[in-house]
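What follows is each chain in one-letter form.
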Amino acid sequence: MALQTHVIRAVFKRNVLSYFASPTGYVFITIFVFLGAFASFWQDRFFAQNLANLNTLNAVFPYLLLFFIPAVTMSLWAEERRQGTDELLFTLPAHDYEVVLGKYLAAVAIYTVALLFSLSNVIALSMLGEPDIGLMVSTYFGYWLFGSALIGVGMVGSLMASNVTIGFIVGAVLCAAVVFIHRAGTILGDALNELVGRYSAVPLFEQFASGVLSITGLFYFVGLATFAFVLNVALLRRRHRGGQSVLADRGIHDFVRVVAVFVAFMSLTVVAGRFDFRPDLTAEGLHSLSSETEELIDNIDPERPVYIQAFFSPEVPQAYTAKRQNLVNLLRQYDQMGGDRVVVKIHETERFSDAARQAQEKFNIRPMPVYTSEGGRGKQDEIYLGMVFTSGLEEVIIPFFDRGLSEEYELTRSIGVVSRTARKRLGVLATDADVLGGFDFQSMRQSPEWSVVGELKKQYEVERVDPAADYPADLDVLLAILPSSLNQEQMDRFQDYIEAGNPTLIFDDPLPLGARGELLAMAPSEPKPREQQQNPFGGGGPPPEPKGDIMGMLQGLGLSWSIRDIVWDSYNPHPELQNLPPEFVFIGTNSGADMPFNQDHPVTSGLQEIVQIYPGRVQSANTSGVTFTPLLTTGLESGRIGYQDVVTRSFFGTQLNDRVPHIFDPRDYILAAQVKGSIGEGGERSVNLIFCADIDMISEQFFALRRQGVEGLEFDNVTFVLNAVDVLSGDESFVALRKQRRQHRTLSELEKEIRVHEEARLEKQEKAENEAQAALARAQQQLESAVQQIEERTDLDDRAKAIQIETVRATEQRKLDVSKSIIEDEKEQEIELSQIDMEREILDIQSRIRLLAVALPPIPALLLGIIVFVVRRGREKRTISEARQARR
């Protein structure tokens, strides 16, 4: 039966004009915009994350709809009943579904207008940084779909109520059932936990909020709206029948229709989930297969196909649902794209099943215990999320996919490794860093292998290189961590190997804190010093063999490195990590440096943020024939300090100094560089070396952060070392793919304002340091002047002079010590006050942003409401006779 569009148009126009003709409608829109802005910008989490996105709003938006959607729908039916116009509406020559559709479209139009007003959130983000426009479009489309689906549910509540208040309450309860259904897994049991968790409103909305136009989500929300529409029509027909039981003939027909629509929309959603098409709107294309992946699959030899076996638990906790779904979707794309070259088989693996036994016995893939929180309570599960890649005799095993790992990169790299005839060879030089692990006979403990080695083993054949023997001749690249621990004979052999043109990657450090220290806490109290620790009680073994001259070796290779200089930088884009000292150097695109990452070099182009801990600095040695290329550079608020200023010595050994003087230096400091070219008089020797003046940047914590995927702490430390190895080995096939991740879009404008106050703090600190030094110099000069006056006296013999000088020296020294203490206290007080002033200024900036971002957006809707109210009152006065108007 054809729709009567004029009926739909009339109902639509009547409800829209009725809503916007009343100031009450604008009040609800004003509150909606205000609460959205409040959720976006008022929370401390927004400034702690320092990201130009709507994550803070996304977390509460479903619950915000529980207020606004019932406010829009509560009067659609209940107000008709209160005014008695419902009977007139039902007598119109129109079908019930036309009336329902007109009202539904009117509510959707009202909600759309409210969303347009809330675009002020995007405007505010654009003023603070550079948000991803594609992500904003996808997110707002998710807002619109979610709200449009809940409007149909809210209309059911209005239809069931006798007045608008009850309509609001019933609508809110029904909408809450849709919003909170994904948390019902603990009530429904584990059998339905995954199904409900995957196909429910909030998890599907989160896909849109991540930048994906999920077809599954589209089917779900459209299906939910359709189901609610049919239910509205069925309830409306029941009212026509005077509340006749659903067991009546017509009632049974409507009941079956509603159930059929529900089953149909759920089935379509599940089917769409099996063949999910997910257009990607993010600027970085994070959810689309890259051209590198497509090229790799096209180049696979059909005679050596790649077989992929995935061992996935059929049910996983909600926190891992998206990870499992992404892996399954990617595997299907690989299977479809690869044809006979890529064969994929997914094993639904449950505990104690045949698939579980095969995974454990053949590939040592075991269930991984994971701790999650669902329904407000902690829960530990053991799940399978492992994968095996084989091609010929080559095999790569990924025992478990942690949430932070990039799915496409891990899959593509594994396919690329097994599809090749042979892996490249990586040598790891054995030094005091003990990178490869093994048994330590001194401590009688097993030392674990560093995570960086385990990561490299996924791609390279890794072997240990003995520094006291001839190096293997067939290495593609050599990795040397802490070569400064070598003796001179080993250092000479190491230098000869580099000067033979062998690609080498070096990590060394003026103050290595240990690869297994705490990243987000203060450094351990006993770092590894350059000097040999002395036993305070005497004794001990023979003195260690002297270390080789690494600075001289690097100087001969075209690179200057001072083993005593430590770099600091006050730039820190993470407010939640402000307790870290400036020796934790954050290298980022907004640090103020001209080029913090060398964008012309494949190792560092596209990187966004790296952290180094108490790093050193490197410079060009101005060696002819050698090209010196900086890779990592500090920002504008940096400087350098000496090793002796960073550490203090006590009876218990060497400890970190908690009062380090920081003198600002406007120069940029290079933290990593590449030297490449010919050296020697005739250019008979060559060098291809990348040197990084920090070891702790590849410590265990950065690999743990990468695996866990901690939001806001997506550092590129691991990417840097993997890129450096690939570039030196001559294989850059995974470099571009490795860098593919969401751009770290910080609140750059806010950072600029903060940087001004940070520079002012550094100037005050430098002034305090200079004044303290001048005061100490004056006190010292007074002491020397008093001594000189006694020495110049002629009326005293030498013995009397010596006695008076000693007396004066002792007296003046006591005064000097007191002066030093006072000067140091005043200096520390000035520095502390400058820090307090800067923090207060930052809080003032944040408060100003909060106020403007929250208070301004609701004003346009509120002004419209006031205008409508004034116009309406004016019309009422003109239509009421003066005799009936109330007199004051």
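Residues numbered from 1 in each chain as written. Predicted model: local features only at pLDDT ≥ 70, side-chain atom pairs only at ≥ 80, totals over all residues. Heavy atoms only, no water.

Caption draft 1: Inspection of unusual backbone geometry at higher detail. In the Ramachandran plot, Y614 falls in the positive-phi region, its phi being about 50 degrees despite a non-glycine side chain. One can find Y614 in the loop between β16 (609-613) and β17 (618-620). Under the relative-accessibility criterion, Y614 is labelled buried at 2%. For N622, which is not glycine, the phi dihedral falls at a positive 55 degrees. The residue N622 is located in the loop between β17 and β18 (626-633) in this model. (Helix = DSSP H or I, 4+ residues; strand = E, 2+ residues; numbered from the N terminus. Buried < 20%, exposed > 50% of the residue type's maximum accessible area, 1.4 Å probe, protein only.)

Caption draft 2: The arrangement of helix α4 (residues 55-83) in detail. The first and last C-alpha atoms of α4 sit 43 Å apart over 29 residues, in line with the 42 Å expected at 1.5 Å per residue. Approximately 50 degrees is the largest bend angle found in α4, and it occurs at F61, with the proline P62 only one to four residues beyond. (Expected span 1.5 Å × (residues − 1). Bend = angle between axes of the 7 residues up to and from the residue.)

Caption draft 3: Looking closely at the sheet that holds strand β2 (residues 342-348). Strand order across the open sheet formed by four strands is β2-β1-β5-β6, with mixed pairing between neighbours. Looking at which strands have only one partner, the edges of the open sheet turn out to be β2 and β6 (394-398). Direction aside, neighbouring strands of the sheet carry axes that sit 15 degrees apart on average. With seven bridges connecting them, strand β1 (residues 306-312) and β2 associate as parallel partners. Along β2, the bridge assignment pairs A310 with I346. Relative to the sheet, helix α18 (residues 407-419) contacts β1, β5 (385-391) and β6, its axis offset from that of β5 by approximately 25 degrees. (Pairing = 2+ DSSP bridges. Axes fitted to C-alpha atoms, helices over the stretch in contact; angles between N-to-C directions. Contact = heavy atoms within 4.5 Å.)

Caption draft 4: Molecular detail of the side chain of Q459. Tracing the chain through its elements places Q459 in the loop between α19 (451-457) and β10 (461-465). Within the local environment of Q459, its side chain forms a polar contact with the side chain of D726, the two groups lying 3.1 Å apart. (Polar contact = N/O pair within 3.5 Å; in protein donor to acceptor, adjacent residues only side chain to side chain.)

Caption draft 5: Up close: the side chain of D731. Locating D731 in the fold gives a position in the loop between α24 (717-729) and α25 (735-738). A polar atom in the side chain of D731 sits 2.8 Å from the side chain of S733. Those residues in contact with D731, other than ones at most four positions away along the chain, are R420, K424, Q459 and D726.

Caption draft 6: Highlighting the pairing of β1. Burial of β1 is extensive: six of the seven residues sit out of reach of the surface. Pairing of β1 with β5 involves six bridges; the strand directions are antiparallel. Bridging from a neighbouring strand, I308 pairs with F389 of β5.

Caption draft 7: Seen up close, a nonpolar patch on the surface. A cluster of nonpolar side chains, namely L852, L856, I859, L862, L863, I866, F869 and V870, defines an oily patch on the protein surface of about 710 Å² accessible area. When residues of the nonpolar patch are assigned to their parent elements, the largest contribution, six residues, is made by helix α28 (residues 858-879). With respect to the secondary-structure elements, L856 resides in the loop between α27 (798-855) and α28. The class for L856 is partly exposed, based on a relative accessible area of 47%. (Patch = residues over 30% accessible without salt bridge, like charges linked within 9 Å, V, L, I, M, F, W, Y side chains within 5 Å. Areas by Shrake-Rupley, 256 points an atom, 1.4 Å probe, with all protein chains shown as cover. Salt bridge = Lys/Arg side-chain N within 4 Å of Asp/Glu carboxyl O.)

Caption draft 8: Fine view of the nonpolar core. Of all hydrophobic cores here, the largest spans 84 residues; its most connected members are F32, F61, F68, Y111, Y143, F146 and F221. Counting 75 residues, the second largest nonpolar core, distinct from the first, contains I383, V453, C692 and A724. (Core = buried A, V, L, I, M, F, W, Y, C linked by side-chain atoms within 4.5 Å.)

Caption draft 9: Examining the pattern of salt bridges more closely. In the structure shown here, the tally under the stated rule is 20 salt bridges. Across the pair E407 and K323 runs a salt bridge whose closest N-O atoms are separated by 3.0 Å. Here E407, found in helix α18, pairs with K323, found in helix α16 (residues 318-338); they are 84 residues apart in sequence, far enough to count as distant. The exposure classification of E407 matches that of K323, with both residues buried. Across the pair D432 and K547 runs a salt bridge whose closest N-O atoms are separated by 3.4 Å. One end of the pair, D432, is in the loop between β7 (425-429) and β8 (438-440); the other, K547, is in the loop between β12 (504-507) and α21 (550-556), with 115 residues separating them in the sequence. A residue is classified by how much of its surface remains accessible, and D432, at 48% relative accessible area, is partly exposed. Here the residues in one salt-bridge network are E410, R413, E455 and K458, joined through shared partners.

Caption draft 10: Fine view of α18. Taking 1.5 Å of rise per residue, 13 residues should cover 18 Å, and α18 covers 18 Å from first to last C-alpha, within 8% of that figure. Burial within α18 is extensive, with 13 of its 13 residues counted as buried.

Caption draft 11: Layout of the packing of aromatic side chains. Considering all chains together, one arrives at 26 aromatic pairs under this definition. Consider the rings of F208 and F221, whose centres lie 6.4 Å apart with planes at 50 degrees: the pair is tilted. Of this pair, F208 sits in helix α12 (residues 201-209) while F221 sits in helix α13 (residues 215-240), placing them 13 residues apart in sequence. In this pair, the class of F208 matches that of F221, namely buried. Lying across the ring of F352, R351 places its NZ or CZ 4.8 Å from the centre. (Phe/Tyr/Trp six-rings, centres within 6.5 Å; stacked < 30°, edge-to-face > 60°. Lys NZ or Arg CZ within 6 Å of the ring centre and 35° of its normal.)

Caption draft 12: Broad picture of the pairing of β16. The buried fraction of β16 is high, at five of five residues. Here β16 shows a buried face lined by E609, V611 and I613 and a second buried face lined by I610 and Q612. Note: strand β15 (residues 584-588) against β16, five bridges, orientation antiparallel. When the bridges of β16 are listed, F586 appears paired with V611.

Caption draft 13: View of the packing of helix α8 (residues 133-160) against α12. Across the interface, α8 lies against α12 with an axial gap of 7 Å and an inter-helix angle of 155 degrees. Considering the angle they form, α8 stands roughly antiparallel to α12. Along its contact with α8, which presents L135, S138, T139, F141, G142, Y143, L145 and F146, the element α12 presents A201, V202, F205, F208 and A209. Looking at the contact of α8 with α12 residue by residue, the class counts come to ten nonpolar, three polar and no charged. (Parallel < 35°, antiparallel > 145°, perpendicular 65-115°, else oblique. Nonpolar A, V, L, I, M, F, W, Y, C, P; charged D, E, K, R; others polar.)

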